[in-house]
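Per-entry structural report
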Amino acid sequence: MKRLIKNGTIVTAQKTYKADILIDGEKIAWIGVDLPSEDCEVIDATNLLVLPGGVDPHVHLELPMFSTVSSDDHYTGGKAAAFGGTTTMIDFVSLEKGSLEDNIVRHRAMADPKTSIDYSAHMNITRFDDAVESQLKDLPGFGITSVKVFTAYNGRLRLDDGNIFKVMRIGGKAGLLTMVHAENGDIIDLLVSEALSAEHKEPIWHARTRPAWGEVEASLRAFAIGAQADSPVYLVHMNVAEEVDQLAYARSKGLPAMGETCPQYLFFTEDDLKRPDGAKWICSPPLRKAQDQQGLLNGLENGTIQVLSTDHCPFFYDGTKSILYEGEPVRIPGKELGMGDFTKIPNGLPGLGDRLVVFWNHAVSGGMMTPNQFVELTSTNPAKIFGLYPQKGCVEVGSDADLALWDPKREVTYGVAQAQHRTDYNLYEGWKLRGYPVQVLLRGKTIVRNGEWFGSAGQGRFLYRKTGEIL
Ligand code: DUC
Ligand code: ZN
Ligand code: ZN
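In this text, all values refer to a predicted model and were calculated from it rather than measured experimentally. (Residues numbered from 1 in each chain as written. Chains lettered and ligands numbered in written order. Predicted model: local features only at pLDDT ≥ 70, side-chain atom pairs only at ≥ 80, totals over all residues. Heavy atoms only, no water.)

**Quick look at helix α11 (residues 355-364)**
In terms of burial, α11 is largely enclosed, as nine of its ten residues are buried. Looking at α11, one finds that the buried residues are Arg355, Leu356, Val357, Val358, Phe359, Trp360, Asn361, Ala363 and Val364. (Buried < 20%, exposed > 50% of the residue type's maximum accessible area, 1.4 Å probe, protein only. Helix = DSSP H or I, 4+ residues; strand = E, 2+ residues; numbered from the N terminus.)

In structure tokens:
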């Protein structure tokens, strides 16, 4: 049966207009005024906006960390995403034993049967040897057109600059985008060991041992290595105002440099780490200062930063106690592992389901951005940069019918009960939000309506991506 979304107001990155949307199977088949409704199931979108489903290009699902694992998997994470209006997510293939292909196959064997929304993955390049060197160019054949490298986590994830250069040089030729986690690994390790020797173990020391300037220099280094390797560079989880300056500088020189930030860096500061429950806010890189929040918001507003993602990597705050998830008790070791020692607190926080609602509330309901800019930052740009456009990221004939029916007037007191993440806390507990998705469709099928879930494990698909655009 065809479905007709009637009387809604479509919001794309370019324009806002009233029109009906005819869905045939999984695709948008027709967009027009007063479309005929014979033989259609009609969805009334009067007084609602119709947005393309959100695209979150930076999430970590079931990621092993320390002696535990991030508490959302591709089912629970996808479900939480859908409740918040996001219908596509991209996570990361960790590089463990075997070839790149072996690792991709293992990752997909874990994720494909579970995923409840469409997903793809980036490939982490955390070792560089002859095998990796020869296999990198094959990644697009597996539908993976982006890799992530690290300038921190010495001895674990970091590559030296020469090897980052080699990854970028091969990647640039093979149509891969290199994403960079930019911090100064040497200085972090030194400061962490000094802090521990001085018995500084509280969560605030997580921020104090990862200085902002380490990110500033590492981000310019990343762009400069990209320039030498003739490769595009995408800076992940930007959180420092001066990092935005580096990105603006690189772009002003004509470099193919892009970047993202995440809601936690816009709405919280390192002062939150000083709270009694500060462990909830531990993520890497850490939260910064009020002037950084402003620099990041300005960067999003003026187009220096292209994407708002989440770096979703949730852990329980108290993993010794169960929560009820879909009626069953669940507990997964979490932040309590680092009680009394910040270096043992799993790094990461929930955000996948929160991203659209908290950012809309602030940016659009707050009058700082148009709904079109919102769609651009949260759906269209990530779809373009990561090679999913126009299948995802837009409302166009021929695109997947991934849609969020959005009530801009709906007011919600938000928190762990509304967010559907599989964890025991939410950063935005008690926040009053204005603007909320009331119905969400994945490839034409309603998966969320008025707070009810109609989705299932495995209904999502792995997305084979093409080379993305440089924005
Ligand atoms: N940062 C986190 O906080 N968690 C997972 C990975 C990352 O980069
Ligand atoms: Zn990172
Ligand atoms: Zn991350």
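**Overview of the coordination of the zinc ion (ligand 3)**
The protein atoms that coordinate the zinc ion (ligand 3) are His58 (NE2), His60 (NE2) and Asp311 (OD), at distances spanning 2.0 to 2.1 Å. Ordering the donors of the zinc ion (ligand 3) by residue number gives the pattern H-x1-H-x250-D. In this structure, the zinc ion (ligand 3) lies 3.8 Å away from the zinc ion (ligand 2). With histidine 60 in the loop between β8 (54-56) and β9 (64-65) and aspartate 311 in the loop between β17 (307-308) and β18 (323-325), the pair connects residues that are 251 residues apart, well separated along the chain. (Donors = N, O, S within 2.8 Å, 3.2 Å for Na, K, Ca; no water.)

**What about the coordination of the zinc ion (ligand 2)?**
Taken together, the protein donors to the zinc ion (ligand 2) comprise Lys148 (NZ), His181 (ND1) and His237 (NE2), at separations of 2.1 to 2.2 Å. Around the zinc ion (ligand 2), the four donor atoms sit at angles spanning 88 to 129°, and that spread fits a shape best called tetrahedral. Expressed as a motif, the donor residue spacing for the zinc ion (ligand 2) is K-x32-H-x55-H. (Tetrahedral: all angles 85-135°; square planar, octahedral: opposite > 155°, others 65-115°.)

**Focus on the packing of aromatic side chains**
Within a pair of aromatic rings, the relevant descriptors are the distance that separates the centres and the angle that separates the planes. Applying the stated criterion across every chain yields a total of 18 aromatic pairs. Where phenylalanine 268 meets tyrosine 428, the ring centres are 5.3 Å apart and the plane angle is 50°; that geometry is what we call tilted. With phenylalanine 268 in the loop between α9 (263-267) and α10 (290-302) and tyrosine 428 in the loop between β20 (403-413) and β21 (432-442), this pair connects stretches of sequence that are 160 residues apart. Exposure class is identical for phenylalanine 268 and tyrosine 428. Each is buried. Ring plane angle 90° and centroid distance 5.1 Å describe the contact between phenylalanine 462 and tyrosine 464, whose orientation is recorded as edge-to-face. In this structure phenylalanine 462 comes out as buried when scored by relative accessible area, which is 10%. (Phe/Tyr/Trp six-rings, centres within 6.5 Å; stacked < 30°, edge-to-face > 60°.)

**A few points about the site of ligand 1**
Every residue near ligand 1 is listed here: His60, Met65, Lys148, His181, His237, Cys283, Ser284, Asp311, Cys313, Asn347 and Gly348. Here a nitrogen atom of ligand 1 and a backbone polar atom of serine 284 are 2.7 Å apart. Across the complex, the protein chains shield 94% of the 240 Å² of accessible surface that ligand 1 would expose by itself. Here the residues of the shell around ligand 1 sort into three nonpolar, six polar and two charged. (Near = heavy atom within 4 Å. Polar contact = N/O pair within 3.5 Å; in protein donor to acceptor, adjacent residues only side chain to side chain. Areas by Shrake-Rupley, 256 points an atom, 1.4 Å probe, with all protein chains shown as cover. Nonpolar A, V, L, I, M, F, W, Y, C, P; charged D, E, K, R; others polar.)

**Side note on the nonpolar core**
Of all hydrophobic cores here, the largest spans 103 residues; its most connected members are Met123, Ile125, Leu136 and Phe359. In terms of residues, this core owes the most to one element, α11, which gives seven residues. Mapping this core onto the domain boundaries places at least three of its residues in each of domain 1 (2-51 + 394-453) and domain 2 (54-372). When neighbours within four sequence positions are excluded, phenylalanine 359 is seen to be in contact with Leu266, Phe267, Leu297, Leu300, Leu308, Val364, Met369, Phe374, Leu377 and Thr378. Ranked by size, the runner-up nonpolar core spans 17 residues in total, among them Ile10, Ala19, Ile28 and Leu441. (Core = buried A, V, L, I, M, F, W, Y, C linked by side-chain atoms within 4.5 Å. Domains from an automatic or database assignment. Contact = heavy atoms within 4.5 Å.)

**Notes on the domain arrangement of the protein chain**
Under the domain assignment used here, the protein chain contains domain 1 (2-51 + 394-453) and domain 2 (54-372). For domain 1 and domain 2, the distance between their C-alpha centres works out to 27 Å. Residue-level contacts link 40 residues of domain 1 with 49 residues of domain 2. Carbon and sulfur atoms supply 64% of the area buried between domain 1 and domain 2, which totals about 3,600 Å² over both sides. Its largest share of buried area at the contact with domain 2, domain 1 owes to Arg422, Tyr425 and Trp453, together 25% of the area lost on that side. Counting across the domain 1 and domain 2 interface gives two salt bridges. The closest approach of N and O atoms between aspartate 73 and arginine 422, which form a salt bridge, is 3.6 Å. Summed over the shared surface of domain 1 and domain 2, the result is 16 residue pairs in polar contact (both at pLDDT 80 or more). Looking at the side of domain 1 that touches domain 2, the elements with two or more residues in it are β7 (49-52), β20, β21, β22 (445-449) and β23 (452-453). The biggest single contributor to the side of domain 1 that touches domain 2 is β21, with nine residues. Looking at the side of domain 1 that touches domain 2 residue by residue, the class counts come to 22 nonpolar, nine polar and nine charged. (Buried area = accessible area lost by both parts, 1.4 Å probe. Salt bridge = Lys/Arg side-chain N within 4 Å of Asp/Glu carboxyl O.)

**Notes on the environment of asparagine 381**
Structurally, asparagine 381 can be placed in helix α12 (residues 371-385). Separated by 290 residues in the primary sequence, asparagine 381 and aspartate 91 place their C-alpha atoms 17 Å from one another. If we ignore the near neighbours within four places in the chain, the residues touching asparagine 381 are Gln306, Val307, Glu376 and Leu471.

**Focus: the packing of helix α8 (residues 241-252) against α10**
Interhelical geometry of α8 versus α10 gives an angle of 30° and a closest axis separation of 7 Å. Classed by the angle they form, the pair α8 and α10 counts as roughly parallel. Contacts between α8 and α10 involve Ala241, Glu242 and Val244 on the former and, on the latter, Gln291, Asp292, Gly295, Leu296 and Gly299. When its residues are assigned to classes, the contact of α8 with α10 shows three nonpolar, three polar and two charged. (Axes fitted to C-alpha atoms, helices over the stretch in contact; angles between N-to-C directions. Parallel < 35°, antiparallel > 145°, perpendicular 65-115°, else oblique.)

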